[in-house]
Amino acid sequence: MLAGILLALIAGALVSLQNIFNAKVNEHTGSWTTTTLVLGMGFAASLIMGLIMEGKNMFTLQHMQPWYWFSGMIGVGVVICLVQATRILGATYAISIVLTAQLGFALLWDSLGWLGLEKVPFSFNQLIGVLIIVGGILVFKLGGKSDSKESAGAIERRSALHTD
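Positions within a chain are numbered from 1, following the residues in the order the chain's sequence is written. It should be noted that, the model being predicted, local features are given only for residues of pLDDT at least 70 and side-chain atom pairs only at 80 or more, the latter also being counted only at that level, while totals for whole chains, interfaces and linings use all residues. To obtain the side-chain values, all non-hydrogen atoms of the structure were included, while hydrogens and water were left out.

Undergrad: Any details on the overall build of the protein chain? Residues and values, ideally.
TA: Here a strand is any run of E in DSSP of at least two residues, a helix any run of H or I of at least four, and the numbering for each starts at the N terminus. The helix and strand inventory of the protein chain stands at five helices and zero strands. Secondary structure of the protein chain in N-to-C order comes out as α-α-α-α-α. Summary of the burial criterion: residues with accessible area below 20% of their type's maximum are buried, those above 50% are exposed, and those between are partly exposed, where the area comes from a 1.4 Å probe applied to protein chains only. Expressed as a percentage of the 164 residues in the protein chain, the buried residues total 15%. Expressed as a percentage of contacts within the protein chain between residues at least 6 apart in sequence, the contacts between residues at least 24 apart total 55%. For the protein chain, the accessible surface area stands at approximately 12500 Å², while carbon and sulfur atoms represent 72% of it. Contact between two residues is taken to exist if any of their heavy atoms lie within 4.5 Å; hydrogens are not considered. The Shrake-Rupley method, run with a 1.4 Å probe sphere, supplies the accessible areas, and residue values consider only the shown protein chains as cover.

Undergrad: Now, about the side chain of T100: what can you tell me, with residues and values included?
TA: For T100, the location among the structural elements is in helix α4 (residues 91-112). T100 has contacts with V130, I133, V134 and I137, leaving out every residue within four places of it along the chain.

Undergrad: Talk me through the pattern of salt bridges; I want residue IDs and the actual numbers.
TA: Here a salt bridge means any side-chain nitrogen of Lys or Arg lying within 4 Å of a carboxyl oxygen belonging to Asp or Glu. Counting across every chain of the model gives one salt bridge. A salt bridge links K24 to E27, with the nearest nitrogen and oxygen atoms 3.5 Å apart. Residue K24 and its partner E27 are located together in helix α1 (residues 2-28), separated by three residues, close to a single helical turn. Given a relative accessible area of 55%, E27 falls into the exposed group.

Undergrad: Give a detailed account of the layout of surface pockets, specifying residues and quantitative values.
TA: Looking at the largest pocket, its volume works out to about 670 Å³. Only protein atoms enter the 1 Å grid used here, on which a cavity is any set of points holding a 1.4 Å probe that cannot leave and a pocket is any open set flanked by protein within 12 Å on both sides along at least five of seven lines; residues with an atom within 4 Å of a point are listed as lining. If you trace the largest pocket, you find 21 residues lining it, with S71, I74, V78, V98 and Q102 closest to the centre. Those elements that provide at least two residues to the lining of the largest pocket are α1, α3 (71-89) and α4. The biggest single contributor to the lining of the largest pocket is α3, with seven residues. For this classification, Asp, Glu, Lys and Arg are treated as charged, while Ala, Val, Leu, Ile, Met, Phe, Trp, Tyr, Cys and Pro are nonpolar and the rest, including Gly, are polar. Class assignment for the residues of the lining of the largest pocket results in 16 nonpolar, five polar and no charged. Taken as a whole, the second largest pocket spans an internal volume of roughly 310 Å³. In this structure, the second largest pocket is lined by F43, L47, M58, F59, L61, M64, W69, S71 and G72. Breaking the lining of the second largest pocket down by element, the ones donating at least two residues are α2 (31-54) and α3. Its residues placed into classes, the lining of the second largest pocket shows seven nonpolar, two polar and no charged. Grid points are joined across faces, edges and corners, and a volume is the space filled by probe spheres set on the points.

Now the structure itself:
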């Protein structure tokens, strides 16, 4: 279990880091170029590592539902949407919403047993946990707006004092 927690923490750090890199690439190119670059480099890296680690067994794809193959296309949507959300909202706010959406949909799919997942009983404690996270995002975002308005007002007052 500790290994799973550690891997999840590393994945979270890597997703945040990748999102920042993607946003910086997107400043210099378009969203589709960014997505192509990100997923193309990911393909090359995973192909090389897969061949090193698994060899020819990497291409043994037996007993897999055909619709699992669409995961890569879902990745295109993930990168496009996340790059644009980061550009519009900023990294912290965008990632907060993405992670909350992930948690909420994982709860839904687990509870319903969809997509081949083992059905996990739904509890209101789980729902409350997701709602608390949503509340935290709202506090983060709304709290930041009022602070920035106050800061802007204070700056304007100071500059008015210095010009008089």
